[in-house]
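If you want the building blocks of each chain, they are given just below.
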Number of protein chains: 2
Amino acid sequence: MERRKFLKGAALGAGATALATPALAQGAKQLTIVSTWPRDFPGLGISAQRLAARIAELSDGAFNVEYFAAGERVGAFDVFDEVASGNSQAYVAADYYWVGKHPGFAYFTSVPFGMTTVEWNAWIKYRGGQALWDELAGEFGLKTIPCGATGTQAGGWFNKEIESPDDFRGLKMRIPGLGGQVISKMGGSTVSLPGGQIYENLVSGAVDATEWVGPYNDYFMKFYEAAQYYYTGGMHEPGGGLGFGMNRAWYDGLSDWEKAVIEAACLEEHANSYEEAQALNGEYLQRLIDEQGVQVRNFNDDVWDGFGEASAEVFEEVRDHSALAKKIDDAFQANLREIGNMMAQFEITFVNQRNRVLGLG
Amino acid sequence: MERRKFLKGAALGAGATALATPALAQGAKQLTIVSTWPRDFPGLGISAQRLAARIAELSDGAFNVEYFAAGERVGAFDVFDEVASGNSQAYVAADYYWVGKHPGFAYFTSVPFGMTTVEWNAWIKYRGGQALWDELAGEFGLKTIPCGATGTQAGGWFNKEIESPDDFRGLKMRIPGLGGQVISKMGGSTVSLPGGQIYENLVSGAVDATEWVGPYNDYFMKFYEAAQYYYTGGMHEPGGGLGFGMNRAWYDGLSDWEKAVIEAACLEEHANSYEEAQALNGEYLQRLIDEQGVQVRNFNDDVWDGFGEASAEVFEEVRDHSALAKKIDDAFQANLREIGNMMAQFEITFVNQRNRVLGLG
């Protein structure tokens, strides 16, 4: 019922934005996109809306694109079933929301001690990652490609300082995906909540701590009202990407040109959202410090070592799930080491020397 | 004469590849692309050809795209004048080849101690970099956008080990842009040669050393025949991008949709080429070591400190060139520090901890 109500609302223009050229909409192919982000959410929400508009623009009216934010057509975590069933054509989401369906989905967003966005892109596009994603998503009637990225996410918001691995014992934290399982191994109690529900749970004390994205995205979430300690780059989501998940049968029926339009728009936005966050994080971190008195901290080596031990246990459990989970983990870990080693010798060697010589960091 | 000869050759299909749909070519807008890379050059050349094909594909026949590699229509370093004059519509090049026309062009490829590709993208797209590029290119009748990237380039190929800044004294090296000026400050003698002419100069001894790109691109250049020491990430080209330089008047006459097609294709390839290199560098570095006995080295801290001092002098000279050069340098250095500091606190903090815990690098 709720779905039909919102669909009707959308047709009246109340809940969604029709982006195609009206004159061409009659002969256009319908592309209904359902998203896990609230409407106009700074960062992720705006990125998904920009993507929908770009697909409409590049298709020059060939797609009638309608975009529904979280809750406008279906709830944030219902988009997977909505698209798998063919009721909508595509979702925008972080695929690690679906680890309950299959733990392999985590690798197609980001996993603890995993790849940065650039490393992940190299794996997905040029070292077999997309084929594994296709195999996994295909089991659920989906075809998913990258469409957004955040960069290395902040370690999270805490109401106390984290000085040893023991400080996670008994901590109630919102942290999804395999990162959440790492915190559980360290004695925490974790939940996965959609972005739109975190604030109320943090302020009410239902959770003690949360991670979200990084300074630009986090600024608007007001987590500092309940948690003043903000940790820099964490272990749980070093990079990777968000997914544009399409109904597989619908995707297979597209022409090569229609596929090219969607792919180009998704890959363009995948880069744009990552770079936009890197461009804006500095300004918003400063505002968090100056306006809200946020205390910025780094996790120390002991904490990182604790993360590492717990992560190793989590990956063992993932590999025990199924042959496909093991195949994905094998490929991911091997490519992480090969690509990561190379980045270390070139880009990271430069960055560490530059930062030393110029006094950055 | 040479230009007309190659143009005729192209019309006969001998020197270029016509990519548009033949049936639509009659009403299509001509887009002749001239490139600085030899045909089928692994890495950069293939990337530029892929971009030309993608523009044709996304435009669905609206552009009649013809691509000419270096020397097929004009010489590599003649593409700037070819496009500025309107004789061709676009070039693919590294804009730092044009530092003789204006030193500000260096910042729109890569400069010593500058930004990584992601940092540069953040500046270009979201912190005013593109507007400065437009101002500079506009002075020459051009509009240039990013269309390719290599990642942090290797320090170069040398026939001796580099153990102190003094080892650059008297060294003859192929290294373009401001990086070349840094080596000159350190007592070297530098030249800028197109990619297709480096090998013969190195083997003949006309130069003692050269930089090119990184393991994947460099593997095919066979520089190891004359220079066995290969240095990892260098100071001279930490990232940034290649440029798709369009005749400004032609660009201004495009429809919004035509501009969107070109922009989406260029930004997609800008990401793809960078990530392809990161995906393949590991394999090709191993082949250089195993098949050719290449000796891999890092520059030590003394050498990096020497690079830093020489770079500071070079930037002072650039700033003295003109008001626009000073404006570009001011913007670049400020954004490098803001974005670079933020990357250091998030992505680099993670990468260094990950590499420590997992033993990478």
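Above: the structure in question.
Just so you know, these numbers come straight off a predicted model, no measurement behind them. (Residues numbered from 1 in each chain as written. Chains lettered and ligands numbered in written order. Predicted model: local features only at pLDDT ≥ 70, side-chain atom pairs only at ≥ 80, totals over all residues. Heavy atoms only, no water.)

Draft legend 1. The arrangement of the relation of the copies chain A and chain B in detail. Laying chain A over chain B is done by rotating through 180° and shifting 0.0 Å along the axis; what remains is an RMSD of 0.0 Å. Such a combination of turn and shift is consistent with a two-fold rotation axis. Among all residues of chain A, the one whose C-alpha sits closest to the rotation axis is A:Glu268, at a distance of 2.6 Å. Of all interface residues in chain A, 100% are interface residues in chain B too; the two copies therefore contact each other through one and the same surface. (Least-squares fit on C-alpha atoms with pLDDT ≥ 70 in both. Contact = heavy atoms within 4.5 Å.)

Draft legend 2. Region of the structure containing the interface of chain A and chain B. Taken together, the contact pairs 77 residues of chain A with 77 residues of chain B. For the chain A and chain B pair, buried surface summed over both sides reaches about 6600 Å², with 62% attributable to carbon and sulfur atoms. The largest share of the area that chain A buries against chain B comes from A:Tyr126, A:Phe346 and A:Phe350, three residues that together contribute 11% of it. Seen at the junction of chain A and chain B, the total is 10 salt bridges. A salt bridge links B:Arg356 to A:Asp305, with the shortest nitrogen-to-oxygen separation between them at 3.1 Å. (Buried area = accessible area lost by both parts, 1.4 Å probe. Salt bridge = Lys/Arg side-chain N within 4 Å of Asp/Glu carboxyl O.)

Draft legend 3. The arrangement of the environment of A:Asp305 in detail. Mapped onto the elements of the fold, A:Asp305 is located in helix H11 (residues 301-321). Given a relative accessible area of 29%, A:Asp305 falls into the partly exposed group. Taking C-alpha positions, A:Asp305 is 8.3 Å from A:Pro165, a pair spaced 140 residues apart along the chain. Those residues in contact with A:Asp305 that sit more than four places away from it in its chain are B:Arg356 and B:Val357. (Helix = DSSP H or I, 4+ residues; strand = E, 2+ residues; numbered from the N terminus. Buried < 20%, exposed > 50% of the residue type's maximum accessible area, 1.4 Å probe, protein only.)

Draft legend 4. Highlighting the pairing of strand S3 (residues 63-68) of chain B. All names here are of chain B. For S3, the buried fraction is high: 6 of the 6 residues fall into the buried class. Burial of the side chains of S3 extends over both faces: Phe63, Val65 and Tyr67 are buried on one face and Asn64, Glu66 and Phe68 on the other. As judged from the 6 bridges shared by strand S2 (residues 29-35) and S3, these two strands associate in the parallel manner. If you follow Ile33 over to S3, its bridge partner there is Tyr67. Each parallel crossover has a hand, and for S2 linked through helix H2 (residues 44-59) to S3 it is right-handed. (Pairing = 2+ DSSP bridges. Right-handed = clockwise from strand over helix to strand, strands pointing away.)

Draft legend 5. Geometry of the packing of aromatic side chains. Residues and elements named next belong to chain A. Under the criterion given, the structure shown has 72 aromatic pairs over all chains. For the pair Trp123 and Phe332, a centre-to-centre distance of 5.3 Å together with 90° between the ring planes defines the contact as edge-to-face. Separated by 209 residues along the polypeptide, Trp123 in helix H4 (residues 117-126) and Phe332 in helix H12 (residues 323-358) bring together distant segments of the chain. The same class applies to Trp123 and to Phe332, which are both buried. (Phe/Tyr/Trp six-rings, centres within 6.5 Å; stacked < 30°, edge-to-face > 60°.)

Draft legend 6. Spotlight on the nonpolar core. If you look at the biggest cluster of nonpolar residues, it comprises 236 residues, and the most contacted ones within it are A:Trp123, A:Phe244, B:Trp123 and B:Phe244. Non-local contacts of A:Phe244, meaning those with residues more than four positions away in its chain, are made with A:Ile33, A:Leu51, A:Ile55, A:Ala90, A:Tyr91, A:Val92, A:Lys143, A:Thr144, A:Ile145, A:Cys147, A:Ile262 and A:Cys266. (Core = buried A, V, L, I, M, F, W, Y, C linked by side-chain atoms within 4.5 Å.)

Draft legend 7. Representation of the state of the cysteines in the model. All chains considered together, the criterion is met by 0 disulfides over all chains. Looking at the unpaired A:Cys147, the closest cysteine sulfur is the one in A:Cys266, lying at 5.4 Å. (Disulfide = S-S within 2.5 Å.)

Draft legend 8. Spotlight on the side chain of A:Arg174. All names here are of chain A. Considering the arrangement of structural elements, one finds Arg174 in strand S7 (residues 172-174). Judged by relative accessible area, which is 0%, Arg174 ranks as buried. Dropping the residues within four chain positions of it, Arg174 is found in contact with Tyr97, Val191, Leu193, Gly195, Ile198, Val207, Ala209, Thr210, Glu211 and Trp212.

Draft legend 9. Looking closely at the packing of H4(A) against H12(A). All names here are of chain A. At a minimum axis separation of 10 Å, H4 and H12 run at an interaxial angle of 125°. In terms of orientation, H4 lies oblique with respect to H12. Regarding H4 and H12, the two cross each other, and that crossing is right-handed. Here H4 contributes Val118, Glu119, Trp120, Ala122 and Trp123 to the contact with H12, which in turn contributes Ala331, Phe332, Asn335, Leu336, Ile339, Gly340 and Met343. For the contact of H4 with H12, a count of residues per class yields 9 nonpolar, 2 polar and 1 charged. (Axes fitted to C-alpha atoms, helices over the stretch in contact; angles between N-to-C directions. Parallel < 35°, antiparallel > 145°, perpendicular 65-115°, else oblique. Left-handed = near helix turned anticlockwise from the far one by under 90°. Nonpolar A, V, L, I, M, F, W, Y, C, P; charged D, E, K, R; others polar.)

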